[in-house]
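What follows is the residue order along each chain.
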Amino acid sequence: MNDEQSPASDAHVTGRVPAGLTTTEFVLRPIVAGDAANDHAALMETRDELRLWEQSSWPEDDFTVEANRDDLAGLEARHNDRRALTYTVLDPAGRECLGCVYVFPTGASFLTKATVTPVGDDAWVEVDLVVYFWVRRSRMATAMDDRLLAALRAWFADEWDAEKVIFVVSELFAQQVELIRRTDLALRFELVEPQKPGRFLVFG
């Protein structure tokens, strides 16, 4: 999810925002422009999956490290302003990017432009945080995405000031949909972004 594709309005994430998360398998910390090369390597390895995840042509085959640096500079600024939070997922030594986690308020402009349909009795106005994540292809093969999701759920429950956190997945990205469906998370909403070919499924 690059800078252009994750626009945010004046809405902000409120309450406590943890500096990061450390487990035996990975470390999360706020992304910075200096992560461009490592992040780019993960993006390009996973580009086919990310196009399904994003429902767009991003990242293009000719996407460069410098273009990624520009995107990350925007994400870094938004994180600092709390308009949208982006955490890079690194190996414990901090040398390899393993994926990314994005946290938005429901007032982020791309979300306000989307059509959100409740599946049951849930109300969108009651949602505190909207979370997207991806794991690089080589780590999906070892089911790290399952373990990242479990760690994220515990992290948001224990360390964030948020009562209702939801996870968004693209219906086109079957692997991640199945990952979510293996958990006890339930489908709460369906979300449609303008000019994107499929729905996004929202679990909580």
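As the structure is a computational prediction, the values presented were derived from the model and not from experiment.

1. Topic: the layout of surface pockets
Argument step 1. As a volume, the second largest pocket reaches approximately 200 Å³.
Argument step 2. Counting residues per element, the ones that place at least two in the lining of the second largest pocket are α6 (144-159) and β7 (165-170).
Argument step 3. When the residues that make up the lining of the second largest pocket are grouped by side-chain class, the tally is 7 nonpolar, 1 polar and 4 charged.

2. Digging into unusual backbone geometry
Argument step 1. Look at the link from Trp58 to Pro59: it is a cis peptide, with omega at -5°.
Argument step 2. One can find Pro59 in the loop between α2 (47-54) and α3 (65-81).
Argument step 3. For Gln55, which is not glycine, the phi torsion reads 55° and is therefore positive.
Argument step 4. Here Gln55 lies in the loop between α2 and α3.

3. A word on the packing of α6 against helix α7 (residues 174-181)
Argument step 1. Remark: α6 packs on α7, axes separated minimally by 10 Å, with the N-to-C direction vectors making an angle of 50°. The orientation of α6 relative to α7 falls into the category oblique. Regarding α6 and α7, the two cross each other, and that crossing is right-handed. Contacts from Asp145, Asp146 and Leu149 in α6 reach Gln175, Leu179 and Ile180 in α7.
Argument step 2. Each residue belonging to the contact of α6 with α7 can be placed in one class, and the counts come to 3 nonpolar, 1 polar and 2 charged.

4. As for the pattern of salt bridges
Argument step 1. Applying the stated criterion across every chain yields a total of 21 salt bridges.
Argument step 2. Notably, a salt bridge pairs Arg29 with Asp35, separated by 2.6 Å at the nearest N-O pair.
Argument step 3. Between Arg69 and Glu66 there is a salt bridge, and its shortest N-O distance comes to 3.2 Å. Of this pair, Arg69 and Glu66 both sit in helix α3, 3 residues apart, which is roughly one turn of that helix.
Argument step 4. Note on Arg69: relative accessible area 29%, which makes it partly exposed.
Argument step 5. Via salt bridges that share partners, Arg47, Asp48, Glu49, Arg51, Asp61 and Arg137 belong to a single interconnected network.

Quick notes on the rules
Residues numbered from 1 in each chain as written. Predicted model: local features only at pLDDT ≥ 70, side-chain atom pairs only at ≥ 80, totals over all residues. Heavy atoms only, no water. 1 Å grid on protein atoms, 1.4 Å probe; cavity = no way out; pocket = protein on both sides within 12 Å on 5 of 7 lines; lining within 4 Å. Points joined across faces, edges and corners; volume = space filled by probe spheres on them. Helix = DSSP H or I, 4+ residues; strand = E, 2+ residues; numbered from the N terminus. Nonpolar A, V, L, I, M, F, W, Y, C, P; charged D, E, K, R; others polar. Axes fitted to C-alpha atoms, helices over the stretch in contact; angles between N-to-C directions. Parallel < 35°, antiparallel > 145°, perpendicular 65-115°, else oblique. Left-handed = near helix turned anticlockwise from the far one by under 90°. Contact = heavy atoms within 4.5 Å. Salt bridge = Lys/Arg side-chain N within 4 Å of Asp/Glu carboxyl O. Buried < 20%, exposed > 50% of the residue type's maximum accessible area, 1.4 Å probe, protein only.

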